Amino acid sequence: MKLPRFSRKTLCIPYAVFLLFFVIVPMCVILFYAFTDRQMHLSFSNFLRFFSDPTKLSTIVYSIVIALITTVICLLIAYPVALILARSKLKKKFVILMLFVLPMWINFVLRVNAIREFFNLLSQADAMSGLSGANIFKTIVGMVYDFLPFMVLPLYTTMLKIDESLYEASKDLGAGPVTTFFRITLPLSMPGIMSGVTMVFLPSMTNYVVSDMLGNAKVTIIGKFIYEYFGSDWHMGSMVALVLLIVVFVSTLLTGGFKSEENVRGTDL
Amino acid sequence: MKKKRIFSIALAGAMLLPSLGLLSGCGGEDAITLRVYNWEEYIDEGGKGTFIFDELHELDENGDPIRDEHGNHIHIKSDIVDDEYKAWYEETMGHALSEEGPRVLDDFCEWYERTHGQKIRVEYSTFGTNEDMYNEIVLGNEYDLLCPSDYMIMKLASEGRLERYDESFFDETNPENYYVRNVSPFIAEKFATNGGLNVRQDPDGEDIYWRDYAAGYMWGTTGFVYNPAALEAAGIPEEELEELGWDVFTDGRFKDKITAKDNVRDTYFAALGVTYQEELMQLDKSADDYIPKLTAIFNATDEETIGTVEPTLMDIKRNIYSFETDTGKSDMVNGKIWLNYAWSGDAVYALDLAESGKSEDGEDEATAYLNYFVPEAGSNLFFDGWVMPKGANKEAAQAFVNFMSMPQNAMRNSYYIGYTSVIAGEEFEMLDYADYLYGYYPEDEFEEGEEYDEPVDYDLSYFFFGEDHGPDEYISIPAEPKQAEKRQLFAQFPTPEVIARSAVMDYYDEEASIRINELWSRVKAESLEPWTIVVIVVTVLAIVGGVLLLKFGDRLDLFRLPPKKGYEKVKEEPVSYD
């Protein structure tokens, strides 16, 4: 029997179609809406309105700050964990890693609801009653909780790949643990840090389900803004989405391009 | 105006798609399809918790059916789902009523096939906000029947997106026109006069009246659910709320103890109430132009008004605990907040929930009695109605509306969702329903010698005879004074006084819509001081710089110490092992 033969070109067609209809066309639609007015005429009014309106600028800045804080906290928690797990000789370290990653397998909305209820319980205690109004704090805790696995995994996989002989060499040559960390561990785990940062920073700028449910809808991040504009004014909504796209693009440029990064983003799990 | 919107938020978070809770019924090979697009949780969905099931089963305090020793449900005789009701069902559907609570949509399919000789399938999907629904329609999704609120009916009609109801639909002599024969005269008047709003024109220049485009479904008011025990504990007498009216939103004593709605329409409306309360109170309620004046104040969207309302909105934001769409009810029941700005149907639900001693998640909470009040200065009166978009299957759609308008079906829907049906009933069947729910007959309940509150007459004449009813057209039910004054009955069937001071919402035209949305985004967003923005931008730039340094760290030799004395830095040469 003769197997049908496909040329590379033919095999590419489904992917090309997918990219066209699910990436390129939607992008064009957003561009189109962002630069038209309600009569569908070419217009820069949304653009001007966006950049002359302090509200929108401060919302973008505010989202970036929340996302940055979330990312830094995630990094501070995840880095030691990943390092300990990767360097330890524990037999069951896979189990510990699993425990960190496990929440990711449970429905996201359920997790946010659970943490909301948790805060409700805590704030019933008199000493904790201030908690019910601490909207920003609760939002950040929620985001850290939700995005931590995205930081742990890439860090762990990069650190696992660091060659043991480098540590041996470092010891042989008389370097202390601090020097070893700064000259071997940190530089070689940079790709992991970068992809972890990207995977936490970007969603925490837009995930308004967390800020709505934990911040009592009093914390407004850019994702919520886009959602609300799409209720009534698609053109402005598209403009906000476009600006966000640019912010994301810039941050990807910054974090991309590290050595051997491509091995990291697709994690082992 | 609905109960459960959390799921739509969740869905929207995952993808900006409408929540398609597709429940379809019946069908078959040669069935036609009726596509109905309704609010979430806005129709009887059968089974436990429905009118028929709850009435015919013995229930425990959680509303769960009690089982006998064989594990079977215990059936009981009901005063309202009585023999007459069962006979009606058998006559209409051609078979006996199942005690398990049939779904009203399934019943419609059966009824339609039976009366029209045509199989039908209902494709039922749901939306969370009027605006979501509007977007769907504009995108070109096709439906046969939608259930928007008053202002959205007007918007759709003025854009020429709706079909008119047939003349024959309004023919009262036809016994099969259940809607027009059963609808409350009060609702019919409101639909004929657009609830007192200005008349607008459709694209052909013809005047729009809701009546031509919409058949009512549910209606209600907005007001405040409050927790009298919590207020008392805080030293605020209940009576003071009436005096404060809309000002509860900005009163410092309620800081973090009150909620507003997380949508611009309702919260802007409330902010207008707060801002113009004094002016509203000074209006002469007996004057002919009272309602137009009231409506104008509550629908003002000009720049000057927005400028005046903005600081009020900021005060509201500072004072409230949260902007919510769904969490207010459970926060109310578990005592976290004292006041919740709510739609009347949700208020009934919250009051019931509190009394049952259970919070929404089923945990035991102290049994609390909640009350409801509507500000003296005036509030919102809303209507949700069935409309047919252009290209709808009018025949089937109108049959659907007629089926839902049979009083026995209106009871089922109203019972399930907690809102008030627009149906009064030819024979005042809905009066029996109101009496069954709220009628108060102490002489039957109490032994002689026991003390009890004397029942009061609760006037419902306006609903059954219209607002301008004659002196001998009087209908009332005996009610417990508290129910009449501030509890479920008062929320579900507002008093004539509340109706007389309520305004209907108009839709925002394009320019107003932009202004209001900008206002809303200013209110919702965190407004940072310019210097804070500068500081943050500098910090971000510093981080960017740091990242760049790290990124090109190799080239800059960031991770290497400078060579020690006597050593020299050499350029790395690639080593070859060949």
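The shown structure was predicted, so the numbers you read here are calculated from the model rather than taken from an experiment. (Residues numbered from 1 in each chain as written. Chains lettered and ligands numbered in written order. Predicted model: local features only at pLDDT ≥ 70, side-chain atom pairs only at ≥ 80, totals over all residues.)

Caption draft 1: Structural view of the overall build of chain B. When its secondary structure is counted, chain B shows 28 helices and 17 strands. When each of the 578 residues of chain B is scored for burial, the buried share is 44%. (Helix = DSSP H or I, 4+ residues; strand = E, 2+ residues; numbered from the N terminus. Buried ≥ 20, exposed ≤ 12 C-beta atoms within 10 Å, placed from the backbone.)

Caption draft 2: Geometry of helix α5 (residues 130-138) of chain B. All names here are of chain B. Along α5, the residues classified as buried are N130, M133, Y134 and I137. When α5 is viewed along its axis, its buried side chains cluster within an angular range of 100° and face the same direction. Contact partners of the buried residues in α5: β2 (32-39), β3 (120-127), β4 (145-146), α6 (150-158) and β13 (379-389). One or two steps after α5, the chain reaches G140, where phi turns positive at roughly 100°. (Arc of directions from axis to C-beta. Contact = placed C-beta atoms within 7 Å.)

Caption draft 3: A look at the nonpolar core. Membership of the largest hydrophobic core comes to 152 residues, with the highest contact counts inside it found for L145, V225, A350 and F400 of chain B. When residues no more than four places from it in sequence are discounted, the contact partners of F400 of chain B are L34, V36, F108 and L145 of chain B. The next biggest cluster of nonpolar side chains, apart from the first, holds 51 residues, and it includes L148, F150, M190 and I193 of chain A. (Core = buried A, V, L, I, M, F, W, Y, C linked by C-beta atoms within 7 Å.)

Caption draft 4: Looking closely at the confidence of the model for chain B. All names here are of chain B. Averaged over every residue, the pLDDT of chain B is 86; residues scoring 70 or more account for 89%. Ranking the helices and strands of chain B by mean pLDDT puts β4 first, with 96, and helix α1 (residues 6-14) last, with 40. Confidence drops under pLDDT 50 across residues 1-22; counting only partners more than four residues distant or on other chains, this segment forms 49 contacts. For this predicted complex, the interface confidence score (ipTM) comes to 0.79, while the overall pTM stands at 0.84. (pLDDT = per-residue confidence, 0-100.)

Caption draft 5: Quick look at unusual backbone geometry. A positive phi angle is found at M40 of chain A, which is not glycine, with a value near 65°. By the secondary structure assignment, M40 of chain A is in the loop between α1 (8-34) and α2 (45-52). On the basis of neighbour counts, which here come to 10 C-beta atoms within 10 Å, the residue M40 of chain A falls in the exposed class. Positive phi, normally seen in glycine, also occurs at N194 of chain B, with a value near 55°. With respect to the element layout, N194 of chain B can be found in the loop between α8 (185-192) and β6 (200-201). What makes N194 of chain B buried here is the crowd of 20 C-beta atoms within 10 Å.

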